[in-house]
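In case you want the letters, here they are:
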Amino acid sequence: MKKLLIIAASVALFGVTASAQVINSVELGYSPVTLNSNATIIGLNGSESENLNAISASWSQARAILDSTPLYVQYGAGVQYAWNVEETDLVKTSKDFLTIKVPVNVLFDLAIPSTPVHLMPFAGVNVQGYLLGQQSMTGGKTTTKVDLFEEYEDMNRVVLGWQAGAKVAFQNFFVGVSYEGPITNLLHTTGSNSEIKMNTHQVNISLGISF
């Protein structure tokens, strides 16, 4: 993992110093998020998942590695809010997560001949920092809120992930679709006869403008 982060940082630094060709972008996104939990207890395996909705806003900058090639290093920062609500006859349960993400991608800018359209596939890694992870339970007139990072001491506020996808640009506007998965776990705890892991997967759909 350390080698991967060193490589990503080195590539980003090389992109910053190697070329003055720069593309700045801002984008808004929507993401269906799946929160997966896997447990092994006394040799028995079990898993469950929860679906969340997420919205995000981000800024990024892409710099050409060499002026003569359409290959870029893209880096930036964004914030994402994810939530879900589940209700039964007796209890209403909700989860809320607020996350800051710092991605680093390698991006290829492919111009479609005789059109103003560009196809931009990309792939890279990201660092995610959780500012909030909260669960609320409401029964009758009583609401109980739990900080998940305090409740589960093995939950990690900082995790590493990866992403891959593509953007389609028309002049200064673009739409993007990507898939994001974990490299490290949001939760990983082990005991003498047990192991529990929790992580997230998501599809990102975005609209943006470059300048």
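A brief structural summary.

About the thresholds
- All chains use their own residue numbering, which begins from 1 and follows the written sequence.
- Owing to the predicted nature of the model, reporting of local features is limited to residues with pLDDT of at least 70; listing and counting of side-chain atom pairs is limited to 80 or more, with chain, interface and lining totals taken over all residues.
- Only heavy atoms go into the side-chain values, all of them from the structure, while hydrogens and water stay out.
- By the criteria applied, helices consist of DSSP H or I runs no shorter than four residues and strands consist of E runs no shorter than two, each listed in order from the N terminus.
- Side-chain rings of Phe, Tyr and Trp (the six-membered ring for Trp) are treated as a pair once their centres are within 6.5 Å; stacked means planes under 30 degrees apart, edge-to-face means over 60, and tilted covers the remaining angles.
- Relative accessibility under 20% of the residue-type maximum defines a buried residue, over 50% an exposed one, and the middle range a partly exposed one, all with a 1.4 Å probe and only protein chains included.
- Sitting over a ring, as applied to charges here, requires NZ of Lys or CZ of Arg to be within 6 Å of the ring centre and within 35 degrees of the ring normal.
- Polar contact is the term for a pair of N or O atoms within 3.5 Å; when the atoms are in protein, one must be able to donate a hydrogen and the other to accept it, and sequence-neighboring residues count only if both atoms are side-chain atoms.
- A carboxyl oxygen of Asp or Glu within 4 Å of a side-chain nitrogen of Lys or Arg is what we treat as a salt bridge.
- We define a nonpolar core as any set of buried Ala, Val, Leu, Ile, Met, Phe, Trp, Tyr and Cys residues linked to one another through side-chain atoms lying within 4.5 Å.

Some remarks on unusual backbone geometry
1) Next: Not every positive phi belongs to a glycine, and Ser114 is a case in point at roughly 65°.
2) Next: For Ser114, the position within the fold is in the loop between β5 (110-111) and β6 (117-139).
3) Next: One non-glycine residue, Gln171, lies in positive phi territory at about 55°.
4) Next: Checked against the element boundaries, Gln171 lands in the loop between β8 (158-170) and β9 (173-182).

Thoughts on the packing of aromatic side chains
How two aromatic rings sit relative to each other is given by the distance of their centres and the angle of their planes.
1) Next: Following the criterion strictly, the structure yields four aromatic pairs and no others.
2) Next: Pairing Phe97 with Tyr130 gives two aromatic rings, centres 6.0 Å apart and planes at 80°, and the pair type is edge-to-face. Of this pair, Phe97 sits in strand β4 (residues 92-108) while Tyr130 sits in strand β6; the two residues are 33 residues apart in sequence, bridging distant segments of the chain. Each member of the pair, Phe97 as well as Tyr130, is classed as buried.
3) Next: Centre to centre, the rings of Trp162 and Tyr179 are 5.7 Å apart; their planes meet at 50°, and the pair counts as tilted. Here Tyr179 lies in strand β9 and Trp162 lies in strand β8, a separation of 17 residues in the sequence.
4) Next: Ring-pair connections join several aromatic residues into one group, and the members of that group are Phe97, Tyr130 and Phe149.
5) Next: Above the ring of Phe122, the side-chain terminus of Lys167 is found at 5.8 Å from the ring centroid.

A look at the environment of Glu27
1) Next: Structurally, the position occupied by Glu27 is in strand β1 (residues 22-41).
2) Next: Sequence separation of Glu27 and Val175 is 148 residues, and the distance between their C-alpha atoms is 8.9 Å.
3) Next: Here the side chain of Glu27 touches Ser206 through a polar contact of 2.8 Å, side chain to side chain.

Comments concerning the pattern of salt bridges
Here the idea is simple: oppositely charged side chains can pair when their charged atoms come close.
1) Next: By the definition in use, this model includes four salt bridges.
2) Next: Here Glu27 ties to Lys167 by a salt bridge, and the two come within 3.2 Å at their closest N and O atoms. Here the residue Glu27 occupies a position in strand β1, and Lys167 occupies one in strand β8, the gap between them amounting to 140 residues. Exposure class is identical for Glu27 and Lys167. Each is buried.
3) Next: Lys101 is paired through a salt bridge with Glu180; the nearest N and O atoms lie 2.7 Å apart. Placement of Lys101 in strand β4 and of Glu180 in strand β9 is noted, with a sequence separation of 79 residues between them.
4) Next: Of the residues examined, Glu180 reaches a relative accessible area of 8% and is grouped as buried.

A few points about the nonpolar core
1) Next: With 14 residues, the main nonpolar core has Leu35, Leu52, Phe97, Tyr130, Met155, Leu186 and Met198 as its most contacted residues.
2) Next: If you list the elements that add at least two residues to this core, you get β1, β2 (44-64) and α2 (148-151).
3) Next: Ranked by size, the runner-up nonpolar core spans eight residues in total, among them Ala64, Tyr72, Met120 and Phe174.

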